[in-house]
Amino acid sequence: MTVKVTVTGAAGQIGYALLFRVASGQLLGADTPVKLSLLEIPQAVKAAEGTAMELDDCAFPLLRGIEISDDPAKAFDGANVALLVGARPRTKGMERGDLLEANGGIFGPQGKAINEHAADDIRVLVVGNPANTNALIAQSAAPDVPGERFTAMTRLDHNRALSQLAGKLNVPVTEIKKMTIWGNHSATQYPDLFHAEAGGKIAAEQVEQEWLRDTFIPTVAKRGAAIIEARGASSAASAANAAIDHVRDWVNGTPEGDWTSAAIPSDGSYGVPEGLISSFPVVSRNGRWEIVQGLEIDAFSRERIDASVNELVEERDAVRALGLI
Ligand SMILES: NC(=O)c1ccc[n+]([C@@H]2O[C@H](COP(=O)([O-])OP(=O)(O)OC[C@H]3O[C@@H](n4cnc5c(N)ncnc54)[C@H](O)[C@@H]3O)[C@@H](O)[C@H]2O)c1
Ligand SMILES: O=C(O)C[C@H](O)C(=O)O
């Protein structure tokens, strides 16, 4: 069956890094033909058409068509996978409330269009920031879609944490298992080394506590800002790579003996209020994310998880006050 993948913000930086990988089969595997649907704002439709011309010019064997639209109803019609990348970036002088409101104007209508037009098996990954709360807004505008189908991306943070730890221990990333990002895709996120393993042993016991607290956690949590500082633009290829990882694992399952991180609607696990879209340790089984249960959370981790979750609560309360959810 051909899978329809809708990408919003298709003419942007992440879109450019993402679309070619989706079309080449890296999202859903070498046996699954894909149809791409590119959603953009009217001013960027021409640029999206240019990207579509380049996609054509790759002659990807799995690519069965490209549609371009500035109308969410058309773009999400029959969509099986929605990658919500386009968002309103924070500009100078913009308060958090302004940012949430501007994004509500994007993710509310897109959620509604998904509700009315997407395929029954739609899976949504929100990449555009503030990703967790944008996902909550889209979910709340789509009451007929099972809530668990709305997720936000913390896989980039997860991959960053893998690389930082592998570099510190001088081992290949494949030696690192059971990494977890908890909470929000923001500087409050908590990358957890107390359950991560390197070479089969707890990672936190293989590094100095000062390094864990003063270097590892802030490096991972502020990596997005460091990339913006270095590139003069937000991470794009690594974000696209993480989006591919997230959806591929969601659809095909996570490997046995390991887990990954994704922001999914909380069922109340680990004291995270039900309904918040928060990052957890997760596995995917039979096409559904499940939160890894039974991990012991010590006081150090508890404090940091709570701080990030509290930020999510504040964002939720702010969008609720604005009538966006
Ligand atoms: N979750 C993560 O890990 C992560 C990582 C990196 C970037 N991001 C976020 O991803 C988003 C996109 O980043 P980028 O570098 O591609 O930005 P970009 O500015 O290069 O591209 C964004 C695109 O979105 C389009 N767009 C805006 N509003 C739209 C709408 N209503 N419908 C459809 N398209 C719309 C714009 O026209 C633009 O082409 C940003 O919010 C960024 O902060 C998230
Ligand atoms: O766009 C940003 O603010 C940063 C981005 O979310 C990232 O983590 O690289």
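Parameters at a glance
Residues numbered from 1 in each chain as written. Chains lettered and ligands numbered in written order. Predicted model: local features only at pLDDT ≥ 70, side-chain atom pairs only at ≥ 80, totals over all residues. Heavy atoms only, no water. Helix = DSSP H or I, 4+ residues; strand = E, 2+ residues; numbered from the N terminus. Rg over C-alpha atoms; globule rule 2.2 N^0.38 Å. Buried < 20%, exposed > 50% of the residue type's maximum accessible area, 1.4 Å probe, protein only. Contact = heavy atoms within 4.5 Å. Areas by Shrake-Rupley, 256 points an atom, 1.4 Å probe, with all protein chains shown as cover. Lys, Arg positive; Asp, Glu negative; His and termini not counted. Charge placed at Lys NZ, Arg CZ, Asp CG, Glu CD. UniProt positions renumbered as here; feature names shortened; annotations may be inferred. Pairing = 2+ DSSP bridges. Near = heavy atom within 4 Å. Polar contact = N/O pair within 3.5 Å; in protein donor to acceptor, adjacent residues only side chain to side chain. Nonpolar A, V, L, I, M, F, W, Y, C, P; charged D, E, K, R; others polar. Phe/Tyr/Trp six-rings, centres within 6.5 Å; stacked < 30°, edge-to-face > 60°. Lys NZ or Arg CZ within 6 Å of the ring centre and 35° of its normal. Core = buried A, V, L, I, M, F, W, Y, C linked by side-chain atoms within 4.5 Å.

## Digging into the overall build of the protein chain
The secondary structure content of the protein chain amounts to ten helices and 14 strands. On C-alpha atoms alone, the protein chain measures out to a radius of gyration of 19 Å, which is about the 20 Å that the 2.2 N^0.38 rule sets for 325 residues. In terms of principal-axis extent, the alpha carbons of the protein chain reach across some 50 × 45 × 40 Å. For the protein chain, buried positions account for 52% of its 325 residues. In the protein chain, 72% of the contacts between residues at least 6 apart in sequence involve partners at least 24 apart. Only carbon and sulfur atoms are counted for the fraction: they give 49% of the accessible area of the protein chain, which is about 13800 Å². For the protein chain, the distance from the average site of its 30 positive side-chain charges to the average site of its 42 negative ones is 2 Å.

## Things to note about the UniProt feature "binding site: substrate" (unreviewed entry) in the protein chain
Mapped onto this numbering, the UniProt entry annotates "binding site: substrate" (unreviewed entry) at Arg90, Arg96, Asn129 and Arg160. A maximum C-alpha distance of 25.5 Å among these annotated residues, which run over 71 residues, shows that they spread across the structure rather than meeting at one spot. Structurally, Arg96 can be placed in helix H4 (residues 96–117). Its place among the elements puts Asn129 in the loop between strand E5 (123–126) and helix H5 (131–140). Judged by its relative accessible area of 38%, Asn129 is partly exposed.

## Structural notes on unusual backbone geometry
Between Asn129 and Pro130 the backbone carries a cis peptide bond, its omega angle lying at -5°. Checked against the element boundaries, Pro130 lands in the loop between E5 and H5. A positive phi angle, close to 50°, is found at Ala59, a residue other than glycine. Accessibility expressed as a relative area gives 59% for Ala59, which makes it exposed. For Asn170, which is not a glycine, the phi torsion comes out positive at approximately 55°. The topology assignment puts Asn170 in the loop between helix H6 (155–169) and strand E7 (176–177).

## Some details on the sheet that holds strand E10 (residues 197–198)
Remark on secondary structure: sheet strands pair via backbone hydrogen bonds, oriented parallel or antiparallel. Overall, antiparallel pairing links the three strands, which are arranged E7-E10-E11 in an open sheet. At either end of the open sheet lies a strand with only one pairing partner, and these are E7 and strand E11 (201–202).

## As for the site of ligand 1
Taken together, 23 residues surround ligand 1, and among them Gln13, Ile14, Glu40, Val127 and Asn129 come closest. Ile14 places a main-chain nitrogen or oxygen 2.9 Å from an oxygen atom of ligand 1. A distance of 3.2 Å separates a nitrogen atom of ligand 1 from a polar atom in the backbone of Val127. Within the complex, the protein chains bury 81% of what would otherwise be the 870 Å² of accessible surface of ligand 1. Taken together, the elements giving at least two residues each to the shell around ligand 1 come down to helix H1 (13–23) and H4. Classifying every residue of the shell around ligand 1 gives twelve nonpolar, ten polar and one charged.

## Quick look at the site of ligand 2
Near ligand 2 the following residues occur: Asn129, Leu156, Arg160, His185, Gly224, Ile228, Ser234 and Ser235. Here an oxygen atom of ligand 2 sits 2.7 Å away from a polar atom, N or O, in the side chain of Arg160. Within the contact set of ligand 2, an oxygen atom lies 2.8 Å away from a side-chain nitrogen or oxygen of Ser234. The fraction of the free accessible surface of ligand 2 (270 Å²) that becomes covered by protein chains is 73%. When contributions to the shell around ligand 2 are tallied by element, the ones reaching two or more residues are H6 and helix H8 (223–231). The residue makeup of the shell around ligand 2, split by class, is two nonpolar, five polar and one charged.

## Observations regarding the packing of aromatic side chains
Counted according to the given criterion, the structure contains seven aromatic pairs. Between Trp182 and Tyr270, the aromatic rings sit 4.9 Å apart at their centres with planes inclined by 75°, giving edge-to-face as the arrangement. Placement of the pair is Trp182 in strand E8 (residues 180–182) and Tyr270 in the loop between strand E12 (260–265) and strand E13 (277–285), with a sequence separation of 88 residues. This pair shows no difference in class: Trp182 is buried, exactly as Tyr270 is. For the ring pair Trp182 and Phe280, a centre distance of 6.3 Å and an interplane angle of 70° mean the geometry is edge-to-face. Here Trp182 is found in strand E8, whereas its partner Phe280 is found in strand E13, with 98 residues between them in sequence. Neither Trp182 nor Phe280 differs from the other in exposure class; each is buried. A cation over a ring is seen here: Arg304 above Phe300, with NZ or CZ 3.6 Å from the ring centre.

## A few points about the nonpolar core
Membership of the largest hydrophobic core comes to 38 residues, with the highest contact counts inside it found for Leu165, Met179, Leu193, Phe216 and Phe280. Counting only elements with at least two residues in this core, the list comes to H6, E8, helix H7 (209–221), E12, E13, strand E14 (288–291) and helix H10 (299–321). Here this core takes five residues from H7, the largest share from any one element. Discounting residues that sit within four places of it in the chain, Phe280 has contacts with Thr180, Ile181, Trp182, Thr260, Ser261, Ala262, Ile264, Ser266, Ser269, Tyr270, Val272 and Ile291. Counting residues in each nonpolar core, the second largest holds 34 residues, with Val22, Val34, Leu125 and Ala243 among its members.

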